[in-house]
Amino acid sequence: MTGFHLGPFAGATGFSDAVGLDEADPIFDFRERYHVADPELIYLDGNSLGRLPRAVLPRLEELVVDQWGDGLIRSWNETWWDLQIAIGERLAPLIGALPGEVIISDSTSVNLYKLAMAALGVSESRRKIVTDDANFPTDLYVLRGVAGALGGYVEMVRTEGSTSPMASLEAALDEEAALLSLSSTAFKSGYTYDIAGVTALAHRAGASVLWDLSHSAGVMPIDLEASGADMAVGCTYKYLNGGPGAPAFLYVRRDLQGSLASPIPGWWGHAEPFAFDLDYQPAEGIRSFHSGTMPILSLAAMEAGFTDVAEAGIDRIRAKSVSLTEFFIRQWEEHLAPLGFALASPLDPERRGSHVSLSHPEAWPLDRALIEIGMVIPDFRAPDNLRFGLAPLYNTHLEVHTAVQRIRAIAMTGAHAPFAGEKLTVT
Ligand SMILES: Cc1ncc(COP(=O)(O)O)c(C=O)c1O
């Protein structure tokens, strides 16, 4: 749309607050580490796909030219074979895990399958998997598949909006429950569970717990060890900025590793892969959860994102995340609530992850108009949800201020009306 004013909106309330908050931000300079081709474009989708860390390009060049091009197959022995272990070790402290408890492997969906199968497999009398309806669909499909394969069943606890479902979870965790599996931060509302509290609840009922940390890793303080969590999985391409399709992570508490068996006993999980034994003998410890050959290019691309999170420090990242989401909500209240945007995320920052969801009956055309003419990228979650991911390593309060003013301008002028067309494949 010609003449659409992109800001900054110095006359709108909150402008000087945004500038002041950015000036006082101790991790503001991390933004420089990310590829930002067009500073007018406000990217609020780091909870789907994190921005590209600049350090990725030289790392990939080294890998492709020196290690693949020149080193060829020799590079497996020189650097590649244990790369997923080394990167898992770097991730471990960011989620409160100990050395030897985390590997990078497969996708989140596949890792969830491996661990849910293993957990239900060792539970002889209990057959129920408990989850909630705020969980990501892949989790629900996988858990139902696992239950079906092992003669179990899934009880899906209903959650209402963003209120705490603790009482319903407690009721579902009866003597039949073998496993509780939840997303620590819900993909739509951003509701975030008290991991330690929920884990204790499940353990009191005799069930083990499998967390999906996809919307928490790299942005929320997680202490798997202190919380007593049994198992966890998660994506690395969101707040960990690992790149599109980057492989996922998998955590198994050390004392459980001997008793849980992977349902995909691939050669990478064998005690001696190059013995080429006809029989499977699981490797010791977490390595037995490997299945097959890792995507080395993607693994190498993940390193920079993990380094940034470690250097910025998860406490400073969380403090900025809360500041960004609080500021967004204050701006919503004043400028967007009167235009029919409803808050679909918790008001309490303790129970909120790093994205803010707004619902609006015209969310789809608004999403398209924001991207096409507003130069703001959120994402759309059916039926009426606009999701704004706030990534502390590169988003700023001024971006939040400007984005809210652009949303307001589009909604007030009806500039989104021509965008009510067909849905795209990826929203
Ligand atoms: C909470 C959660 N779990 C799992 C997934 C899917 O993971 P994958 O497609 O890598 O298996 C997503 C994807 O966005 C997600 O948000």
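Residues numbered from 1 in each chain as written. Predicted model: local features only at pLDDT ≥ 70, side-chain atom pairs only at ≥ 80, totals over all residues. Heavy atoms only, no water.

Student: Provide a residue-level description of the overall build of the chain, including the pertinent values.
Tutor: On a plain count of helices and strands, the chain comes out with 13 helices and 13 strands. Scaling as 2.2 N^0.38, a compact globule of 427 residues should have a C-alpha radius of gyration of about 22 Å, and the chain matches this with 22 Å. Overall, the chain is about 70 × 60 × 40 Å in size when its C-alpha atoms are taken along their principal axes. Out of the 427 residues belonging to the chain, those deemed buried represent 56%. Counting only contacts in the chain whose residues sit at least 6 apart along the sequence, the fraction spanning at least 24 positions is 73%. Within the structure as shown, the chain displays about 17,500 Å² of accessible surface, and the carbon and sulfur contribution to it stands at 57%. Positive and negative side-chain charges in the chain, numbering 31 and 54 respectively, have mean positions lying 3 Å apart. (Helix = DSSP H or I, 4+ residues; strand = E, 2+ residues; numbered from the N terminus. Rg over C-alpha atoms; globule rule 2.2 N^0.38 Å. Buried < 20%, exposed > 50% of the residue type's maximum accessible area, 1.4 Å probe, protein only. Contact = heavy atoms within 4.5 Å. Areas by Shrake-Rupley, 256 points an atom, 1.4 Å probe, with all protein chains shown as cover. Lys, Arg positive; Asp, Glu negative; His and termini not counted. Charge placed at Lys NZ, Arg CZ, Asp CG, Glu CD.)

Student: Go over the packing of aromatic side chains with me, naming the residues and quoting the values.
Tutor: In the structure shown here, the tally under the stated rule is 15 aromatic pairs. Ring plane angle 40° and centroid distance 4.4 Å describe the contact between Trp-81 and Trp-268, whose orientation is recorded as tilted. Within this pair, whereas Trp-81 is found in the loop between helix H3 (74–80) and helix H4 (83–91), its partner Trp-268 is found in the loop between strand S8 (249–252) and helix H10 (296–312), the two being separated by 187 residues in sequence. With a centroid separation of 5.3 Å and an interplanar angle of 65°, the aromatic rings of Trp-267 and Phe-274 are classed as edge-to-face. By relative accessible area, Trp-267 is classed as partly exposed at 36%. Overall, the relative accessible area of 55% leaves Phe-274 in the exposed class. (Phe/Tyr/Trp six-rings, centres within 6.5 Å; stacked < 30°, edge-to-face > 60°.)

Student: Just give me the short version of the sheet that holds strand S9 (residues 342–343), but keep the residues and values in it.
Tutor: Strand order in this open sheet of four strands is S9-S10-S13-S12, and the pairing throughout is antiparallel. Of all strands in the sheet, those with a lone pairing partner are S9 and strand S12 (379–381), marking the two edges. Sheet analysis places strand S10 (residues 355–359) next to strand S13 (residues 385–389), joined by five bridges and oriented antiparallel. Of the residues in S13, the one forming a bridge with Val-356 is Phe-388. Against the sheet, helix H11 (residues 314–336) contacts S9, S10 and S13, and its axis sits at roughly 20° relative to S10. (Pairing = 2+ DSSP bridges. Axes fitted to C-alpha atoms, helices over the stretch in contact; angles between N-to-C directions.)

Student: Which residues make up the site of the ligand, and what are the values?
Tutor: Lining the immediate surroundings of the ligand are 13 residues, of which Ser-109, Asp-212, His-215, Tyr-237 and Lys-238 lie closest. Contact between the ligand and Asp-139: a nitrogen atom at 3.5 Å from a side-chain N or O atom of the residue. Tyr-237 is positioned with one of its side-chain polar atoms (N or O) 2.9 Å from an oxygen atom of the ligand. Calculation on the ligand without its partners gives an accessible area of 400 Å², and the protein chains cover 83% of this total. Listed by contribution, the elements that provide at least two residues to the shell around the ligand are helix H5 (108–122) and helix H6 (137–149). Residues of the shell around the ligand, tallied by class, amount to three nonpolar, seven polar and three charged. (Near = heavy atom within 4 Å. Polar contact = N/O pair within 3.5 Å; in protein donor to acceptor, adjacent residues only side chain to side chain. Nonpolar A, V, L, I, M, F, W, Y, C, P; charged D, E, K, R; others polar.)

Student: Explain H5 to me, and be specific about the residues and the numbers.
Tutor: Taking 1.5 Å of rise per residue, the 15 residues of H5 would be expected to cover 21 Å, and the 21 Å separating its terminal C-alpha atoms lies within 8% of that figure. For H5, the complete set of buried residues consists of Thr-108, Asn-111, Leu-112, Lys-114, Leu-115, Ala-116, Met-117, Ala-118, Ala-119 and Leu-120. Tucked into the core, H5 has its buried residues touching strand S3 (128–132), H6, strand S5 (177–183), strand S6 (208–212), strand S7 (231–234) and S8. (Expected span 1.5 Å × (residues − 1).)

Student: Lay out the domain arrangement of the chain with the relevant residues and their values.
Tutor: For the chain, the domain assignment lists domain 1 (15–54 + 313–419) and domain 2 (81–310). Summarising the inter-unit geometry, the C-alpha centres of domain 1 and domain 2 are found 29 Å apart. At the interface, 37 residues of domain 1 touch 27 residues of domain 2. Here domain 1 packs against domain 2, burying approximately 2,400 Å² in sum over the two surfaces, 55% of which is carbon and sulfur. Among the residues domain 1 hides against domain 2, the three largest losses belong to Ile-314, Arg-351 and His-355. Together they make up 23% of the total. Our count for the contact surface shared by domain 1 and domain 2 stands at one salt bridge. Here Arg-33 makes a salt bridge to Asp-308, at a shortest N to O gap of 2.8 Å. (Domains from an automatic or database assignment. Buried area = accessible area lost by both parts, 1.4 Å probe. Salt bridge = Lys/Arg side-chain N within 4 Å of Asp/Glu carboxyl O.)

Student: Which residues make up the side chain of Ser-354, and what values do they have?
Tutor: Relative to the assigned elements, Ser-354 resides in the loop between S9 and S10. A distance of 2.8 Å separates polar atoms of two side chains, one belonging to Ser-354 and the other to Ser-321. Separated by 2.6 Å, the side chain of Ser-354 and the backbone oxygen of Leu-390 make a polar contact. What Ser-354 contacts, discounting residues up to four positions off in sequence, is Val-219, Tyr-239, Ser-321, Thr-325, Phe-388, Gly-389, Leu-390 and Pro-392.

Student: Describe in detail the sheet that holds strand S2 (residues 102–104), supporting the description with residues and values.
Tutor: Backbone hydrogen bonds are what pair the strands of a sheet, in a parallel or an antiparallel way. Within the open sheet, the seven strands sit side by side as S2-S8-S7-S6-S5-S3-S4. Their pairing is mixed. The outermost strands of the open sheet, each flanked by one partner alone, are S2 and strand S4 (153–157). Taken pair by pair, the neighbouring strands of this sheet meet at an average axis angle of 20°, ignoring direction. Across five bridges, the pairing between S3 and S4 is parallel. Residue pairing across strands places Val-130 opposite Glu-155, the latter belonging to S4. Each of S3, S5, S6, S7 and S8 is contacted by H5, which is oriented at about 165° to S7, the strand it contacts most.

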